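# Coordinate analysis (summary)
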Amino acid sequence: QKHKAKYKAFYDLPTPLYIPLIGNTWKMLGTNILNAINDFFKDFGNSTVAYIPHRTYFTSRYEELKILLQHPNVLEKSLEYNHLKAIFGNSLLLAPVPIWKKHRKLISRSFKQSILDSFTPIFYEKSCTLIKILKEKKYDENDIYHLFEKFTLDTFCEATLGIESTILTDVKEHEFVTGITLIQKKAFERIGNIIKMNDFLFSLCHDGKIFYKQMKILCNYIEKIMHKKKILIEEHNEALLNTNTLPVLDLLLQNEEKENLTDNYIKEEMILFAGAATDTTAYTLAYTCCLLAMHPEAQEKVYQEVMSLVGREGEITNMTLNDLKYTEMAINEAQRLLPVVPIIARQATADIELPDKVIPANSGIIMNFMDLHRNKDIYPDPMRYDPDRFLPEEVAKRPQFSFLPFSGGPRNCIGLKYATMVLKSSLANIVRNFKISTIYTSIHDLKLESSIVMTTAHPLDCHFTFRTI
Ligand code: HEM
């Protein structure tokens, strides 16, 4: 009786109709998971319980997200992420909390501002190559995302892996670019699919075969890089050994013995970083360009800001990045409307007390950032693109945890600052060189769907006309 009373408020929450054993997963069959989850929110409000097929709490309330994201018993990833294990193994994204804590502390050394600052010339140089390709129209003009993905992966390889890369300029399609997107898509499609959720059945089906083939290609690619890096480290041991501040791959290889890391773990971590750093940043850049194309007055403000700081030819340095205030507001507003990681899922490892209910231990918890970002009580007229919402005085009026494109709390995105620097540097360089236009007239023209990141069901239309003045 006492037990019942404790969880009453939780079990009294509105719940979509569920079928024994399969719960609400039937709702997800044949539809995109992002749409299915958003439908739950539309029909049952921003605090609900569903069975997918295990008991899961769904929320987008900022006051609850604030508690949940900072709670020590909500750090573990939920069962849905198990399907990603075949790709990312025990890397940061998926590692159980004790391993995650140790590795996150180590890897954070590579994300100190001083190291990130040393990447700025790479970000700038790569964005200049991107400008050249856009100017010469040497890319598929009907699919801007694909070019941006090559740009972010190329930048990642040089900055984070510390290897020379020509992915952006290579005419031949790069095996890593095709592979990383495909395997994430195939792994994500398993969620909620009763047949593909079973490892054995998945390995037998067509998608499973493609998945494992691509995985092998990715692993070989990373192994080759690791091998080269190890030789370099041996050759230059003294020069590299004494520093705490290294790109991630160097840091992990140099601490392999001391921290008991295996080659296999380092490979999984690098595959995660490549996946986490590229699609996310590329889609954010593409969505920002599309929104600026739909809002020429905001685009003009970004242009004026960049021109006043560095003009048409000036290099974008760390100082410039600090001063690109409106450009950052334009990116933030794009991330509010189109957060590329719209939903995350965690597991409650103990009972979690919220102000008006207790989430029972072992429940899944789905946090919907897209629904949060479109809440009209926090962002009036929420579907309107308006970078001024991110003026410091406007931000100060909003509650904490009401803007979470990189999640929040201790298990948030480790690449937040890195991504923001790449985005500001590349967007500033693009806007001072081109007028961006698109066929879309409103955000509703984008048909969104979810893979691990939020994609569109169609190629993204965005055109770049070289500015003559
Ligand atoms: C616009 C770009 C990006 C967005 C929107 C983004 C968003 C996120 C989000 C929401 C999470 C939390 C996932 C969860 O709790 O399930 C996350 C985790 C992570 N991200 Fe990012 N990310 C971006 C770029 C990057 C970059 C550039 C890197 C690396 C250089 C990176 C590396 C990671 C890693 C390693 C994790 C796992 C962190 C952990 O569990 O400790 N991300 N990202």
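Everything discussed here concerns the structure shown above.
The structure presented is a predicted model; accordingly, all values stated were derived computationally and were not measured.

## Brief notes about the overall build of the protein chain
When helices and strands are tallied, the protein chain shows 19 helices and eleven strands. Against the 2.2 N^0.38 benchmark of 23 Å for 469 residues, the protein chain shows a C-alpha radius of gyration of 22 Å, consistent with a compact globule. Reported as C-alpha extents along the three principal axes, the dimensions of the protein chain are approximately 70 × 55 × 40 Å. When the 469 residues of the protein chain are sorted by exposure, 56% land in the buried category. Here the contacts in the protein chain between residues at least 6 apart in sequence split such that 74% fall between residues at least 24 apart.

## Structural notes on the site of the ligand
Taken together, 29 residues lie around the ligand, and K77, Y81, W100, R104 and C413 are the ones closest in. Between the ligand and K77, the relevant distance is 3.0 Å, taken from an oxygen atom to a side-chain nitrogen or oxygen of the residue. Contacts to the ligand include L92, whose backbone N or O atom sits 3.2 Å from an oxygen atom. Tallying contributions element by element places helix 13 (residues 263–294) first for the shell around the ligand, with seven residues.

## Some details on the coordination of the iron atom of the ligand
Its sole protein donor being C413 (SG), the iron atom of the ligand sits 2.3 Å from that atom. Residue placement: C413 occurs in the loop between helix 18 (392–397) and helix 19 (416–433).

## Re the sheet that holds strand 3 (residues 76–77)
Strand order across the open sheet formed by five strands is 1-2-7-4-3, with mixed pairing between neighbours. The two strands at the open ends of the sheet, each matched to only one other strand, are strand 1 (47–51) and strand 3. Pairing of strand 3 with strand 4 (residues 343–347) involves two bridges; the strand directions are antiparallel. Each residue of the ladder has a partner; that of E76, found in strand 4, is Q347.

## Considerations on the environment of F148
Positionally, F148 belongs in helix 7 (residues 144–159). Taking the C-alpha atoms as reference points, F148 and V358, 210 residues apart in sequence, are found 44 Å from one another. When sequence neighbours within four positions are dropped, the list of residues in contact with F148 reads L130, A282, L285, A286, C289, I430 and F464.

## Quick notes on the pairing of strand 8 (residues 434–437)
Residues F434 and I436 line the buried face of strand 8, whereas the alternating positions K435 and S437 sit on a face that is not buried. Where strand 8 meets strand 11 (residues 463–466), four bridges bridge the pair, whose relative direction is antiparallel. Looking at strand 11, one finds that F434 is bridged to F466.

## Regarding the pattern of salt bridges
One pass over the full model with this rule turns up 26 salt bridges. Salt-bridge contacts for K132 lead to E136; the nearest nitrogen and oxygen are separated by 3.7 Å. Separated by four residues within a single helix, K132 and E136 lie in helix 6 (residues 113–136), roughly one turn from each other. With a shortest N-O distance of 3.8 Å, E141 and K137 are connected by a salt bridge. Among the residues examined, E141 registers a relative accessible area of 27% and is labelled partly exposed. Each of R61, E64, D356 and K357 takes part in one network of salt bridges that share partners.

## Observations regarding the pairing of strand 4
Consecutive side chains of a regular strand alternate in pointing toward one face of the sheet and then the other. In terms of residue burial, strand 4 counts as a mostly covered element, since five of its five residues are buried. By the alternation rule, side chains of strand 4 split into I343, A345 and Q347 and I344 and R346, which are all buried. Judged from the five bridges that link them, strand 4 and strand 7 (residues 364–368) form a sheet pairing that is antiparallel. Across the sheet, the residue bridging to A345 is I366, located in strand 7.

## Details of the side chain of D250
In this fold, D250 is placed in helix 12 (residues 248–254). Overall, the relative accessible area of 6% leaves D250 in the buried class.

Reading guide: rules and limits
Residues numbered from 1 in each chain as written. Predicted model: local features only at pLDDT ≥ 70, side-chain atom pairs only at ≥ 80, totals over all residues. Heavy atoms only, no water. Helix = DSSP H or I, 4+ residues; strand = E, 2+ residues; numbered from the N terminus. Rg over C-alpha atoms; globule rule 2.2 N^0.38 Å. Buried < 20%, exposed > 50% of the residue type's maximum accessible area, 1.4 Å probe, protein only. Contact = heavy atoms within 4.5 Å. Near = heavy atom within 4 Å. Polar contact = N/O pair within 3.5 Å; in protein donor to acceptor, adjacent residues only side chain to side chain. Donors = N, O, S within 2.8 Å, 3.2 Å for Na, K, Ca; no water. Pairing = 2+ DSSP bridges. Salt bridge = Lys/Arg side-chain N within 4 Å of Asp/Glu carboxyl O.

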